[in-house]
Amino acid sequence: MRSINLLVLTVTVLLTACTTPKVSSDPKPVLGQLKVGFDIDDTVLFSRDNFLKAPHMSDDPDHVDFGWVNMHDSLYSVVIQPIADLIGFLHSGGHEVYFITARPGTNGETVGRFLTSKLGFPIVLGDNLFFSTKKKDPFSGQRFTTKHELISKLGLHIFYGDSDTDMIAASVAGVRGVRVVRDARSVEAYSKNYFGNTRSEFEPKAPFSEELYQKFLSSGVGPYGETIYPIYFVEPAGTD
Ligand SMILES: [Mg+2]
């Protein structure tokens with residue numbers, strides 16, 4: 001009986017040794033390689049004109065036809081060159097760059113083609129480009145960012161964005177959030193979700209005046225403790 005048991009044990013050990021170990025389909029992270037995420041509007045693209053020209057789906061001023069917006073960056077959006085240079089710096093250093101926008105994803109592949117043509121490496125929907133719209137909390141009715149879910153899933157280390165919600169998403173995901181300064185013309189066109197709303201009267205959700213906003217910028221820190229990227233976008237003369 002003991003010899004049968006020994007035989008069974010020996011065969012089991014041999015079979016286990018011959019079995020090929022299961023390999024994860026996910027590529028292993030490269031030691032020391034950063035994974036860096038970027039918001040798109042007012043971070044990589046100065047897209048104010050695209051939004052101003054976009055048709056609306058209803059009388060609600062926020063109800064923009066994003067399917068149209070995603071098709072028209074090539075006509076109305078301009079790359080923010082200091083950020084394009086930063087992306088080139090990261091990409092050429094062997095780091096991975098991802099794009100996460102809160103735009104709805106209709107015609108999203110067109111955004112990928114536009115960014116590819118401007119940034120010089122493949123930017124592909126579902127690969128390194130993601131659409132992540134806000135979601136309404138069923139209890140409070142408050143709309144929250146969902147970008148943190150992708151930031152965590154992709155294993156990003158840094159997330160750059162202009163909006164308050166970008167900094168919140170980075171914090172919820174537990175990564176470094178870096179604030180890109182929104183162009184003054186975009187602040188003029190839509191001031192919400194940016195240091196509260198520096199154009200609004202004082203109220204609990206908008207306590208920061210223009211003067212306090214300038215203080216944040218000169219100190220290089222934002223209201224969520226985020227770092228401020230200290231290079232501002234200056235559009236080439238004659239383009240506006
Ligand atoms: Mg933005």
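To be clear, the structure that these remarks concern was listed above.
To keep things clear, this report deals only with the structure shown in the data block. On a predicted model such as this, the values are computed, not experimentally measured, just so you know.

1. A closer look at the overall build of the protein chain
Inference 1: Summing up its helical and strand segments, the protein chain has 10 helices and 10 strands in all.
Inference 2: Classification of the 240 residues of the protein chain by burial places 42% in the buried group.
Inference 3: Counting contacts in the protein chain only where the partners sit at least 6 residues apart, residues at least 24 apart contribute 60% of the total.
Inference 4: Carbon together with sulfur atoms contributes 59% to the accessible area of the protein chain, which is approximately 14,100 Å² in total.

2. Examining the side chain of Glu 226
Inference 1: As for its position among the elements, Glu 226 is in the loop between α10 (210-219) and β10 (227-229).
Inference 2: A distance of 2.8 Å separates the side chain of Glu 226 from the side chain of Arg 179, its partner in a polar contact.
Inference 3: In contact with Glu 226, other than residues within four places in its own chain, are Met 167, Gly 177, Arg 179, Gly 220 and Val 221.

3. Brief notes about the sheet that holds strand β4 (residues 96-101)
Inference 1: Pairing within the open sheet is parallel, and its six strands lie in the order β5-β4-β1-β8-β9-β10. This sheet does not close on itself; its edge strands, each paired only once, are β5 (129-131) and β10. Pairwise comparison of adjacent strand axes, ignoring direction, gives a mean angle of 25° for this sheet.
Inference 2: As paired elements, strand β9 (residues 176-180) and β10 share three bridges and run parallel to each other. Paired with Val 178 across the bridge in β10 is Thr 227.
Inference 3: Together, β1 (35-38), β4, β8 (158-161), β9 and β10 form the strand contacts of helix α5 (residues 81-92), whose direction differs from that of β1 by roughly 160°.
Inference 4: Across the sheet, helix α6 (residues 108-119) lies against β4 and β5, angled at about 145° from β5, the strand it touches most.

4. Some points on the coordination of the magnesium ion
Inference 1: Bound to the magnesium ion on the protein side are Asp 39 (OD), Asp 41 (O) and Asp 162 (OD), at distances that span 2.1 to 2.2 Å.
Inference 2: When the donors of the magnesium ion are listed by position in the chain, the intervening gaps give D-x1-D-x120-D.
Inference 3: A relative accessible area of 13% means that Asp 41 is categorised as buried.

5. Focus: the pairing of β1
Inference 1: Alignment of β1 against β4, held across four bridges, turns out to be parallel. Residue pairing for β4: Gly 37 is matched across the bridge by Tyr 98.
Inference 2: Here β1 runs beside β8; their pairing, made up of three bridges, is parallel. Residue pairing across strands places Val 36 opposite Ile 158, the latter belonging to β8.

6. Quick notes on the packing of aromatic side chains
Inference 1: Counted by the stated rule, this structure contains 11 aromatic pairs.
Inference 2: Ring geometry for Phe 51 and Phe 66: centres 5.7 Å apart, planes at 70°, overall edge-to-face. In this pair, Phe 51 is assigned in helix α2 (residues 48-53) and Phe 66 in helix α3 (residues 66-71), connecting sequence segments 15 residues apart. Grouping residues by exposure puts Phe 51 and Phe 66 together as buried.
Inference 3: Plain terms: the ring middles of Phe 195 and Tyr 213 are 4.9 Å apart, the flat faces sit at 65° to each other, and that makes the pair edge-to-face. You can see Phe 195 sitting in the loop between α9 (184-189) and α10 and its partner Tyr 213 sitting in helix α10, a full 18 residues away along the chain.
Inference 4: These aromatic residues form a ring-pair network of at least three members: Tyr 194, Phe 195, Phe 208, Tyr 213 and Phe 216.
Inference 5: Its end group placed over the ring of Phe 195, Arg 179 keeps NZ or CZ at 4.2 Å from the ring centre.

Calculation rules
Residues numbered from 1 in each chain as written. Predicted model: local features only at pLDDT ≥ 70, side-chain atom pairs only at ≥ 80, totals over all residues. Heavy atoms only, no water. Helix = DSSP H or I, 4+ residues; strand = E, 2+ residues; numbered from the N terminus. Buried < 20%, exposed > 50% of the residue type's maximum accessible area, 1.4 Å probe, protein only. Contact = heavy atoms within 4.5 Å. Areas by Shrake-Rupley, 256 points an atom, 1.4 Å probe, with all protein chains shown as cover. Polar contact = N/O pair within 3.5 Å; in protein donor to acceptor, adjacent residues only side chain to side chain. Pairing = 2+ DSSP bridges. Axes fitted to C-alpha atoms, helices over the stretch in contact; angles between N-to-C directions. Donors = N, O, S within 2.8 Å, 3.2 Å for Na, K, Ca; no water. Phe/Tyr/Trp six-rings, centres within 6.5 Å; stacked < 30°, edge-to-face > 60°. Lys NZ or Arg CZ within 6 Å of the ring centre and 35° of its normal.

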